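One letter stands for each residue in the lines below.
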Amino acid sequence: MHLETDVCIVGGGIMGAATAYTISRMTENRILLLDRYGVGNDYCSSNDINRVFRYAYGSDQYYTKMAIETLGLWTKLEKETNHELLIPTGLLMLEGDDDRANKFNESSFRTLTKLELGAHMYEGPELKEHFPQFQAENAFFDPHGGVLLASKSLKTFASEARNHGVKILKKKVTKFRDKPSLEIETAEGDRVQAKKMVVTVGPWTNAHLKNGLTGITPTRQQLVYLKPSRDPERFKPSSCPVFFTDHHYGLPAAGINGVKISNKELIDPVDPETARRSVDQEQIEQCRDACRRFVPSLAEGEVVQTKVCLYDMTENSDFVIDRDPDHHDIVYGYGFSGHGFKFAPLVGKLLAELVLDLDPSLDLSRFSVQKSERKRQITSGQLGKGE
Ligand SMILES: Cc1cc2nc3c(=O)[nH]c(=O)nc-3n(C[C@H](O)[C@H](O)[C@H](O)COP(=O)(O)OP(=O)(O)OC[C@H]3O[C@@H](n4cnc5c(N)ncnc54)[C@H](O)[C@@H]3O)c2cc1C
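Predicted, not measured: the structure shown is a model, and the values here were computed from it.

Caption draft 1: Main features of the nonpolar core. Core analysis: the biggest nonpolar cluster contains 70 residues, and I9, M66, W74, F157, F319, I321 and F343 have the highest contact counts within it. A per-element tally of this core places helix α8 (residues 344-355) first, with eight residues. When residues are assigned to domains, this core turns out to be shared by domain 1 (2-46 + 151-214 + 316-373) and domain 2 (91-146 + 217-313), each giving three or more. If near-sequence neighbours (up to four positions away) are discounted, F157 is found in contact with I14, A17, A18, Y21, W74, L77 and P345.

Rendered as structure tokens:
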């Protein structure tokens, strides 16, 4: 098949879908969105039941400020579509035995307090009184934390984009070149001629990059959903916040009758083509151990679901949102490093601005695609650890 379009977006996870949606709202451009497994497939990183939203980012005000801006965009999308996508619950950061985790929580509290964002510290009895389902000495609270209904959000962006004329096809892009004009080939034998192209293929990114550009490490992450063995009401989003423990994070039973628990520190590099998609018993046991310490009613709970998802980790957990330095018409959005979902509407807006040759509404120097322009180290301890 020979196709012609103004903008071709490769990769229909949340970032590709949000970009297609945004461009379709801003212009009359012809937009084609291609995904090798189809939008909403089980392999992508975006299609899980829920994801964490938070303002808390340690001492890194940059991400906190991005989260503030993104919240407005989620709210706008909810109003426009009449779908609830973000359930406000707050985020409870429980004090534990791990220094690094405690420091991150404390610096998040300090940043949120400095920015007058209403952070709270719960000490001893006050914590027990407000959140009896948790067991810790103290905790910090980010009142802006919440649960994003992830697969519902992906579906919403994609169907809104489709309603605005975006053509969505299940096709695997094998090659693209920008000389003399932008041409894209698919495994199905199609040739697409496009004026502009956006690449949002998450964990599969390395297959499409040339030397000198920032690469990613796909890592295998394991999620466990546990049904509380008592007090199920205390684990609904109306009474249970998102929570962080020393090495795990959890989400209340939203979109499913189980509480999601996952290790936020797993480093298990994989090839996205061959990654094993089943959860190890050892991880389930580690989640139970974390619950024994911090959330006892979950420790013996029935496993209602498990899932493996891949992070696309950059060297420092900062995203890539940039134009190809040699090919102005190619724009990249990847490396969302286990913490990008919450920013999807903003990322969609930024990628749309790049592709439409507008000045980006945010300083994107931190998200350069060029290795030489990226910061060496992140300042806060727990960026990109799955929330
Ligand atoms: C376990 C886990 C927990 C997470 N928790 C959180 C959280 O709580 N909060 C948060 O903010 N973020 C979280 N994240 C991160 C967030 O989910 C990801 O950053 C985000 O989903 C990435 O979206 P994406 O669109 O870039 O990639 P993906 O969703 O992976 O989409 C990429 C798409 O590209 C397609 N594709 C690949 N190659 C090709 C090709 N050659 N041709 C056509 N299509 C192709 C794939 O089929 C896929 O659909 C988590 C991630 C994981 C894995």
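From this point on, the discussion continues.
Caption draft 2: Inspection of the side chain of H208 at higher detail. Along the chain, H208 turns up in the loop between β12 (191-199) and β13 (217-227). Discounting chain neighbours no more than four positions away, the residues touching H208 are V173, F176 and V201.

Caption draft 3: Representation of α8 within the structure. With twelve residues, α8 should cover 16 Å at 1.5 Å per step; its first-to-last C-alpha distance of 16 Å lies within 8% of that length. Those residues of α8 not exposed but buried are A344, P345, L346, V347, G348, L350, L351, A352, E353, L354 and V355. Looking at the residues trailing α8, positive phi occurs at D357, about 60 degrees.

Caption draft 4: Main features of the packing of aromatic side chains. Tallied over the full model, the rule gives 24 aromatic pairs. With centroids separated by 5.0 Å and ring planes inclined at 20 degrees, the aromatic side chains of Y57 and Y63 adopt a geometry described as stacked. On the basis of an interplanar angle of 35 degrees and a centroid distance of 5.8 Å, the ring pair of F131 and F141 is categorised as tilted. A residue pair is termed long-range when its members are at least 10 positions apart, and F131 in the loop between α4 (124-130) and β7 (138-142) and F141 in strand β7 qualify at ten residues. For the pair F131 and F141, a shared accessibility class is recorded, and that class is buried. Among the aromatic residues, those joined into a cluster by ring pairs are Y57, Y62, Y63, F319, F336, F343 and F367. Over the aromatic face of Y57 sits the side chain of R54, whose NZ or CZ is 4.0 Å from the ring centroid.

Calculation criteria
- Residues numbered from 1 in each chain as written.
- Predicted model: local features only at pLDDT ≥ 70, side-chain atom pairs only at ≥ 80, totals over all residues.
- Heavy atoms only, no water.
- Core = buried A, V, L, I, M, F, W, Y, C linked by side-chain atoms within 4.5 Å.
- Buried < 20%, exposed > 50% of the residue type's maximum accessible area, 1.4 Å probe, protein only.
- Helix = DSSP H or I, 4+ residues; strand = E, 2+ residues; numbered from the N terminus.
- Domains from an automatic or database assignment.
- Contact = heavy atoms within 4.5 Å.
- Expected span 1.5 Å × (residues − 1).
- Phe/Tyr/Trp six-rings, centres within 6.5 Å; stacked < 30°, edge-to-face > 60°.
- Lys NZ or Arg CZ within 6 Å of the ring centre and 35° of its normal.

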